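Observations on chain architecture
The residues making up each chain are set out below.
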Amino acid sequence: MPNVLFTQSCVRSCPYCFASEQMKESDPNDLLSWENLIYVSDFLKSSGERSISVLGGEPTLHPDFLEFIIYLLERDFVVRVFTSGIMANTKLDKITSALMNIPDEQLTFIVNLNNPSQTPSSLAETESVKRFLSMFGTKVMCGFNIYRVDFELDFLFQYINCFGLKKSIRLGIAHPIPGAKNIYININDIDHVIARLMNYVPFFERFRIRPSIDCGFPLCRFTDTQLGWFTRHTGSGAKFGCSPVFDIGPDLRIWSCFPLSSYYKRSLFEFDTIGDIYRFFKEKHRMIRSEVGGIYPECDECSLREDEVCSGGCVAHLLSIFKDEAPVRMPVVCQ
Amino acid sequence: MNPRIIVCPYNRSLFDRISNQILVVQLNDIEQIGSVAQDVSHSCNDLRCAVINWPSSLADIQFKKEWMTVPLAIYATEMGPFRFIASQLNILQQMNLRVYLPLNNPINYTELRILSSLGIASTAVFVSKEPEWEALTDLMTYAVMNYYPHAPIDPFHYVATKFKPDGYTGFSAVYFSDPTKFLHINHAGNVSLSSDDLQCGKFILNDICELDDFEIENCPDYQEALNEWRTFFIDNRKCSICQGWRVCLGRFSQFADTSLGCENFSTEFLEILEQDKMIGQKRISLWQL
């Protein structure tokens, strides 16, 4: 599912932000236009895509946010909006009255939440998020980015129960932005992260909440017992891929994902279909992985990686390795 | 005479004076949409469409389900807030409707595209103000290239469908002002070749009842209107040497002396149409079942 950025500015400054590099390069006033929205919609439709993810920055900052969402729904897209949930009451009221009755299957908000005690934010922000969650309840899935090994999920269980949110948590792991300085989970700490995550198994079970792990987790770091638990409690098990999803900026430039936003950036106008874009970025990923198989030395020989059961971790880690070493790679790879 | 479409005001007694004609009826009030089809039908005429000049945005109209079967041309000032349009889309998309928006308002370049992408046919109305040529070219490209199916945007769609590589293609018919297709009558039954002629009292017939016996081809005013394009060449005006002439016929001549935008636009329009035609000609004719 492609991601479309409505804006390039955000109301928060998360320490792990993997969009920061992209946003630093962009004009904060760069907003998606109606013309570009129509072009993107036509492009996706002509490729047979029926789903779209809406990102920012903070997408609700776009002055036409509501109109854009209604337009996408009218074009029969299944829409996922990634938001902080932080907005003025007047805007929230307007959005609520317009979108409240859209079926949950057609519109979902993924609210990226930070633990108020570990990633402090102002009381006003926290209250604003809570208002958003209480308004949209069943339309909201929590998203949480793990950027420190001592992360805590308790507040999420509380939010889900308190506001009647979807019984699922989208768990991402903070990845490095090659050449930039964001906070992320070091490769050596991934074992600790997984161990800590599995400590929450009793909570997931007790509250009947399903974890959904995002890209970049390496398969080999989970034990068979842990994988069995994921399979039993998520229905389909966990995914360990790192394939290009691709983001579309307001100016219709595209890139593989935020951590790789400066790597082989292209324009949507250069491609005819989504398939062409996937193939393009997949080839770029393959180029990187032909230099280094995955984030661990054993990835090179791993049959599960070769069979694409696991991607060998996030490709941004590999590019970061290239940036920090002597220029021994082919220039085309570490562009 | 050849059958012409008659553009007339909404006047039942006028309808009764003519029969077996195709009518474009100009409404005074939006509520007349509900009765126009029946009134025209009762007078033994056919309704091509009803035209309403709405002095506000399209979103300000409360569309009714009973209007769905009435062929409509609505001239509005703009689309208006998208939220209000979206709330009526289920009706709008089923209506036999063409929305006309003037290009004096820059937002309308975008709104024509929005409507079209949602399956509502639309038409750009050129006004005395010079168009924003770049935006117009973008709109034309969207209308003609058809990257993904959408409702027609005229006059571009009209020209694209009528375009002949070895001839001229005008688009005044989109605005009911082509004398080869339309005649205009007023409440008194006077007949003119255009609405402008009608307003300034330049009639070709004083009474609509004379229409049946009238040979329009022998009418000097008609011949003059048909050959009006020749004046561009006789007067050696700039449009006569423009490549894009074949798809604009001097429609933007008032801007030609001061701006290159009109020439660039028309030329690009022509190039796209010719390219499209060439691609069409290269298509292999499939074996038949």
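Heads up: these notes are all about the structure in this document.

Cut-offs applied
Residues numbered from 1 in each chain as written. Chains lettered and ligands numbered in written order. Predicted model: local features only at pLDDT ≥ 70, side-chain atom pairs only at ≥ 80, totals over all residues. Heavy atoms only, no water. Contact = heavy atoms within 4.5 Å. Buried area = accessible area lost by both parts, 1.4 Å probe. Salt bridge = Lys/Arg side-chain N within 4 Å of Asp/Glu carboxyl O. Polar contact = N/O pair within 3.5 Å; in protein donor to acceptor, adjacent residues only side chain to side chain. Helix = DSSP H or I, 4+ residues; strand = E, 2+ residues; numbered from the N terminus. Nonpolar A, V, L, I, M, F, W, Y, C, P; charged D, E, K, R; others polar. Pairing = 2+ DSSP bridges. Buried < 20%, exposed > 50% of the residue type's maximum accessible area, 1.4 Å probe, protein only. Patch = residues over 30% accessible without salt bridge, like charges linked within 9 Å, V, L, I, M, F, W, Y side chains within 5 Å. Areas by Shrake-Rupley, 256 points an atom, 1.4 Å probe, with all protein chains shown as cover. Lys, Arg positive; Asp, Glu negative; His and termini not counted. Charge placed at Lys NZ, Arg CZ, Asp CG, Glu CD.

1. Remarks on the interface of chain B and chain A
- Facing the 12 residues of chain B at the interface are 16 residues of chain A.
- Summed over both partners, the interface of chain B with chain A comes to about 1500 Å²; 67% of that surface belongs to carbon and sulfur atoms.
- The largest contributions to the chain B side of the interface with chain A come from B:Arg83, B:Tyr147 and B:Tyr148, which together make up 43% of the buried area.
- Here chain B and chain A share one salt bridge between them.
- B:Arg83 serves as the salt-bridge partner of A:Glu67, at 3.0 Å between the closest nitrogen and oxygen.
- Across the contact surface, chain B and chain A share three residue pairs in polar contact (both at pLDDT 80 or more).
- For the side of chain B that touches chain A, the secondary structure elements donating two or more residues are α3 (82-87) and α5 (107-117) of chain B.
- Broken down by element, the side of chain B that touches chain A gets its largest block of residues, four residues, from α5(B).
- Along the lines of polarity and charge, the residues of the side of chain B that touches chain A split into eight nonpolar, two polar and two charged.

2. A few points about the sheet that holds strand β2 (residues 51-55) of chain A
Residues and elements named next belong to chain A.
- Sheet architecture is open: 10 strands sit in the order β7-β6-β5-β4-β3-β2-β1-β8-β9-β10, paired in mixed fashion. Every other strand in the sheet has two partners, leaving β7 (210-213) and β10 (266-267) as the edge strands with one partner each.
- Bridge count for strand β1 (residues 3-5) against strand β8 (residues 247-248) is two bridges, and the pairing is parallel. Of the residues in β8, the one forming a bridge with Val4 is Ile248.

3. A look at the pattern of salt bridges
All names here are of chain A.
- The full count for this structure, using the stated rule, is 18 salt bridges over all chains.
- Put simply, Arg253 and Asp251 hold a salt bridge, and the shortest N to O gap is 2.9 Å.
- Linking Arg279 and Asp276 is a salt bridge whose minimum nitrogen-to-oxygen distance equals 2.9 Å. Here Asp276 and Arg279 lie together in helix α10 (residues 274-291), a separation of three residues that amounts to about one turn.
- According to the relative accessible area criterion, Arg279 is exposed, its value standing at 54%.
- Among the residues examined, Asp276 registers a relative accessible area of 26% and is labelled partly exposed.
- Overlapping salt bridges, with partners in common, bring together Asp191, Arg221 and Glu298 in one network.

4. Some words on a positive patch on the surface
- A cluster of like positive charges, contributed by B:Lys162, B:Lys164, B:Lys181 and B:Lys277, occupies part of the molecular surface.
- Counting through the fold element by element, B:Lys164 comes out in the loop between α7 (156-162) and β8 (182-185).

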